[in-house]
Amino acid sequence: SPPAVLLLLSLLGLAAAGKLLVVPVDGSHWLSMREVLDMLRQKGHEVVVVAPEVTLHIKPSKNFVTKMYPVPYTKEEMEKDFKAFFQVSFEEGSFFERFFKVYKGMKRITDLEFSSCEQLLQNKELIRYLEESKFDAVLTDPFVPCGVILAEHLSLPSVYFLRGIPCGLDVQATQCPKPPSYVPRIFTGLTDHMTFLQRVKNLLFDIPNVFLCDFAFEPYSKLASEFLQREVTVQDLLRKGSVWLLRLEFVLEYPRPLMPNIIPIGGVNCAHKELPQ
């Protein structure tokens, strides 16, 4: 729940208020994070949010300082790509039809996100400001690993606030078991009770993730290596996360193992509205 998330993040500054750098992901990712930031500000923490000038939902607020940077695309272009991706996500069809449609739609969105990250890391004035600001920690959604790269550059502990990462890179980075014998993969339609042949099918459906990871994160690995001036991969950087606040709830999802620094906070996804009589 949001109070639990607030308690966990408040520990960053111990008894004193802390200074938190936030590198969010736009869209629904931001809507969950914004509520936590509002509560942190009420507790006296100083929050600085870094975001592109063109966004869907990220807007300046009195509860945090917003540092924005220019990007080479328009809001119309971004909204068009997001609407196309959402439409494809709800279409029916075979596994391969859905996979390639989602792949194509995600490619357009990841191109925008990568361009935004590239512009941030190349913005020398903004990077200098971040270096001089003496933050205590970084709060970021590693779905787009730009904040992960910044945390490494600034030598700051990082708290990940996420629903998941494409191709299961979060599972690989934390070395967290996710056995195909009882954790069903996306698009399979299977449950956690499978026959032997269904388990084989579940394992085979995991193979495309190998290629999806390369497609989604190899550009960020190259960008991080250039920015940090040493050879690194996104998986290397993700491993350094101090705490993973995972927005999942096992009431709604199949159970799977979690590592000690992974904390489920599924309630934060829900809007707090009183139901009518």
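Residues numbered from 1 in each chain as written. Predicted model: local features only at pLDDT ≥ 70, side-chain atom pairs only at ≥ 80, totals over all residues. Heavy atoms only, no water.

### With respect to the pattern of salt bridges
Oppositely charged side chains are able to pair whenever their charged atoms sit close together.
Here is step 1: One pass over the full model with this rule turns up six salt bridges.
Here is step 2: Glu46 is the salt-bridge partner of Lys19, the closest N and O atoms lying 3.9 Å from each other. Residue Lys19 is found in strand β1 (residues 19-23), and its partner Glu46 is found in strand β2 (residues 46-52); the two are separated by 27 residues along the sequence.
Here is step 3: Residue class for Lys19 comes out buried when judged on its relative accessible area of 18%.
Here is step 4: The salt bridge partner of Asp236 is Arg239, with a shortest N-O separation of 3.0 Å. (Salt bridge = Lys/Arg side-chain N within 4 Å of Asp/Glu carboxyl O. Helix = DSSP H or I, 4+ residues; strand = E, 2+ residues; numbered from the N terminus. Buried < 20%, exposed > 50% of the residue type's maximum accessible area, 1.4 Å probe, protein only.)

### Description of the state of the cysteines
Here is step 1: On inspection of all chains with the given rule, the structure shows one disulfide.
Here is step 2: Linked covalently through their sulfurs, Cys117 and Cys146 form a disulfide whose S-S length is 2.2 Å. Taking the torsion about the sulfur-sulfur bond, which here is approximately 95°, the covalent link between Cys117 and Cys146 counts as right-handed. Here Cys117, found in helix α4 (residues 95-121), pairs with Cys146, found in helix α6 (residues 146-154); they are 29 residues apart in sequence, far enough to count as distant. As far as the burial class goes, Cys117 and Cys146 line up, both buried. (Disulfide = S-S within 2.5 Å.)

### With respect to helix α9 (residues 208-228)
Here is step 1: Helix length check: α9 (21 residues) gives 30 Å between terminal C-alpha atoms against 30 Å at 1.5 Å per residue, within 8%.
Here is step 2: Along α9, the largest kink reaches about 45° and is centred on Phe217; proline Pro219 follows within four residues of it.
Here is step 3: Looking one or two residues beyond α9, the residue adopting positive phi is Gln229, at roughly 60°. (Expected span 1.5 Å × (residues − 1). Bend = angle between axes of the 7 residues up to and from the residue.)

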